[in-house]
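Residues per chain are reported as follows:
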Amino acid sequence: MKMVAKRLYLLLVLAGALAVATAGVAAEPTRIHTVFLPVVRSSPGQAASSPRKGVGVEVGAAVAQDIRDIGAAWWHNWYVSPDPIDVPGFVPTVGIPEYIGRPATPEAGWLLTFNEPNGPRDEGGSDVAPQEAAALWPEIMAAYPAHDLLAPTMRTQTAYGYLDWRQWLDRWWAALSPAGRARVAGLSLNCYAETADCQAIVAAVRQWGQERGVTGPVVLKEFFDPELVPWLEAQNVYYAWFLARVPDGITPTSVWGRPLFDEDGLTPWGHAYRRLP
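To keep things clear, this report deals only with the structure shown in the data block. (Residues numbered from 1 in each chain as written. Predicted model: local features only at pLDDT ≥ 70, side-chain atom pairs only at ≥ 80, totals over all residues. Heavy atoms only, no water.)

Right, let's get into the state of the cysteines. The full count for this structure, using the stated rule, is 1 disulfide. A disulfide bridge connects Cys191 with Cys198, and the sulfur atoms are separated by 2.1 Å. Given an S-S torsion of about -100°, the disulfide between Cys191 and Cys198 has left-handed geometry. Taken as a pair, Cys191 and Cys198 share a single burial class, namely buried. (Disulfide = S-S within 2.5 Å. Buried < 20%, exposed > 50% of the residue type's maximum accessible area, 1.4 Å probe, protein only.)

Here is the structure:
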């Protein structure tokens, strides 16, 4: 208590001295100074990367740097060659029957085949009946002997008037020859459902393959749900975000509504995906 009283006494003495020293001195008016500071945008940092992480790139819309910036280990463009973009990790796609026989780059490795044959062309599908796809399979085998052929990429949200993914694959598999079945190196699908629903669909597609001896990679070629990525990584599923940039003339809504880049750079979806996995 004595120490506290002594400190209070000293404070009062100092306050009094200050009042005396400043008595009669006019206060200087307050001056406001405008200071211009440079605006610094924080760097997004190093993109996270995994050998399973990929991205879909619409030809003519994205640029090579997009693929690097997002940390994608592989990418595709629904076509057989990467032109005009030259970035490692390209996986070719014989997206429609008309592409069969066109040179694929690279000349070995994975080859994705018909995109959503159980869907209409005006919605991005290839609209190929399972028996027709089976009849075309020997042509694909002959045209790409060094590639690991993935089964046609299934549309998993059933289109009106079309088969669901399981019906389509069942009929396609039944129509394949033993030699044709032996060239099926893996499975592929697209999914835009809720997280839990996509998990169930991916697991079901994998199970379908295992029951038929197809134990190669499962590729989720189109999706746009960042919450799905940790599960895909844990399940060793390859995945590619749809998509890097929206092409000119397309309104960014529905499945086009979550591009990774726009005219200003990374979108919120882009920032989220580049941090994953």
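Looking now at unusual backbone geometry. With an omega of -5°, the peptide bond running from Phe242 to Leu243 counts as cis. For Leu243, the position within the fold is in the loop between strand S8 (238–241) and strand S9 (261–262). Here the bond from Leu276 into Pro277 is cis, since omega is 0°, no more than 30 degrees from zero. Within the secondary structure, Pro277 sits in the segment after helix H8 (268–274). Although it is not a glycine, Ser254 sits at a positive phi angle of roughly 55°. Relative to the elements of secondary structure, Ser254 occurs in the loop between S8 and S9. Under the relative-accessibility criterion, Ser254 is labelled exposed at 63%. (Helix = DSSP H or I, 4+ residues; strand = E, 2+ residues; numbered from the N terminus.)

This part takes up the side chain of His76. Tracing the backbone shows His76 in strand S2 (residues 74–76). For His76, a relative accessible area of 0% puts it in the buried group. Polar side-chain contacts of His76 include one of 3.2 Å to the backbone oxygen of Lys221. Residues contacting His76, with those up to four places away along its chain left out, are Val55, Gly56, Val57, Phe90, Val91, Thr93, Leu112, Lys221 and Ala240. (Polar contact = N/O pair within 3.5 Å; in protein donor to acceptor, adjacent residues only side chain to side chain. Contact = heavy atoms within 4.5 Å.)

At a minimum axis separation of 8 Å, helix H3 (residues 130–143) and helix H4 (residues 165–175) run at an interaxial angle of 40°. Compared by their axis directions, H3 and H4 come out oblique. In the crossing of H3 with H4, the sense of the turn from one axis to the other is right-handed. The segment H3 lies against H4, with Pro130, Gln131, Ala133, Ala134 and Trp137 engaging Trp168, Arg171, Trp172 and Ala175. Here the residues of the contact of H3 with H4 sort into 7 nonpolar, 1 polar and 1 charged. (Axes fitted to C-alpha atoms, helices over the stretch in contact; angles between N-to-C directions. Parallel < 35°, antiparallel > 145°, perpendicular 65-115°, else oblique. Left-handed = near helix turned anticlockwise from the far one by under 90°. Nonpolar A, V, L, I, M, F, W, Y, C, P; charged D, E, K, R; others polar.)

Given 3.6 residues to a turn, an α-helix orients residues that are three or four positions apart in the same direction. Inspection of H4 places Trp165, Trp168, Leu169, Trp172 and Trp173 among the buried residues, and these make up the whole buried set. Looking straight down H4, one finds its buried side chains confined to an arc of 125°; they lie on one side. Buried residues belonging to H4 abut H3, strand S5 (154–155), helix H5 (178–182), strand S6 (184–190) and helix H6 (195–210). For H4, the N-terminal capping position is held by Asp164, with its side-chain oxygen 3.1 Å away from the main-chain nitrogen of Arg166. (Arc of directions from axis to C-beta.)

Between H4 and H6, whose axes approach to 12 Å, the crossing angle comes to 15°. It follows from the interaxial angle that H4 and H6 lie roughly parallel. Between H4 and H6 lies a crossing whose hand is right-handed. Contact residues: Trp165, Arg166, Leu169, Asp170 and Trp173 in H4; Ile201, Ala204, Val205 and Trp208 in H6.

For the rest of this paragraph, the subject is H3. If you check H3, its first and last C-alpha atoms are 20 Å apart, about what 14 residues at 1.5 Å a residue would give, namely 20 Å. Inspection of H3 places Pro130, Ala133, Ala134, Leu136, Trp137, Ile140 and Met141 among the buried residues, and these make up the whole buried set. Buried residues belonging to H3 abut strand S3 (109–111), strand S4 (147–150), H4, H5 and S6. (Expected span 1.5 Å × (residues − 1).)

Applying the stated criterion across every chain, the model contains 18 aromatic pairs. We note Lys53 situated over the ring of Tyr273; from NZ or CZ to the ring centre the distance is 4.9 Å. Positioned above the aromatic ring of Phe224, the side-chain terminus of Arg258 is 4.4 Å from the ring centre. (Phe/Tyr/Trp six-rings, centres within 6.5 Å; stacked < 30°, edge-to-face > 60°. Lys NZ or Arg CZ within 6 Å of the ring centre and 35° of its normal.)

What follows deals with the nonpolar core. Trp172, Leu220 and Phe223 are the most contacted members of the largest nonpolar core, which totals 61 residues. Looking at this core, the elements with two or more residues in it are helix H2 (64–70), H3, H4, S6, H6, strand S7 (218–223), helix H7 (229–234) and S8. Broken down by element, the residue count for this core peaks at 6 residues, all from H3. The contacts of Phe223, once residues within four sequence positions are left out, are Cys191, Tyr192, Leu228, Val229, Leu232, Tyr239, Ala240, Trp241, Phe242 and Tyr273. (Core = buried A, V, L, I, M, F, W, Y, C linked by side-chain atoms within 4.5 Å.)

Another aspect to go through is the pairing of S4. Both S3 and S4 contribute to a ladder of 3 bridges, which runs parallel. Of the residues in S4, the one forming a bridge with Trp110 is Asp148. Running through H3, the crossover from S3 to the neighbouring parallel element S4 is right-handed. (Pairing = 2+ DSSP bridges. Right-handed = clockwise from strand over helix to strand, strands pointing away.)

Everything listed here is a matter of coordinates, which is why it stays silent on function.
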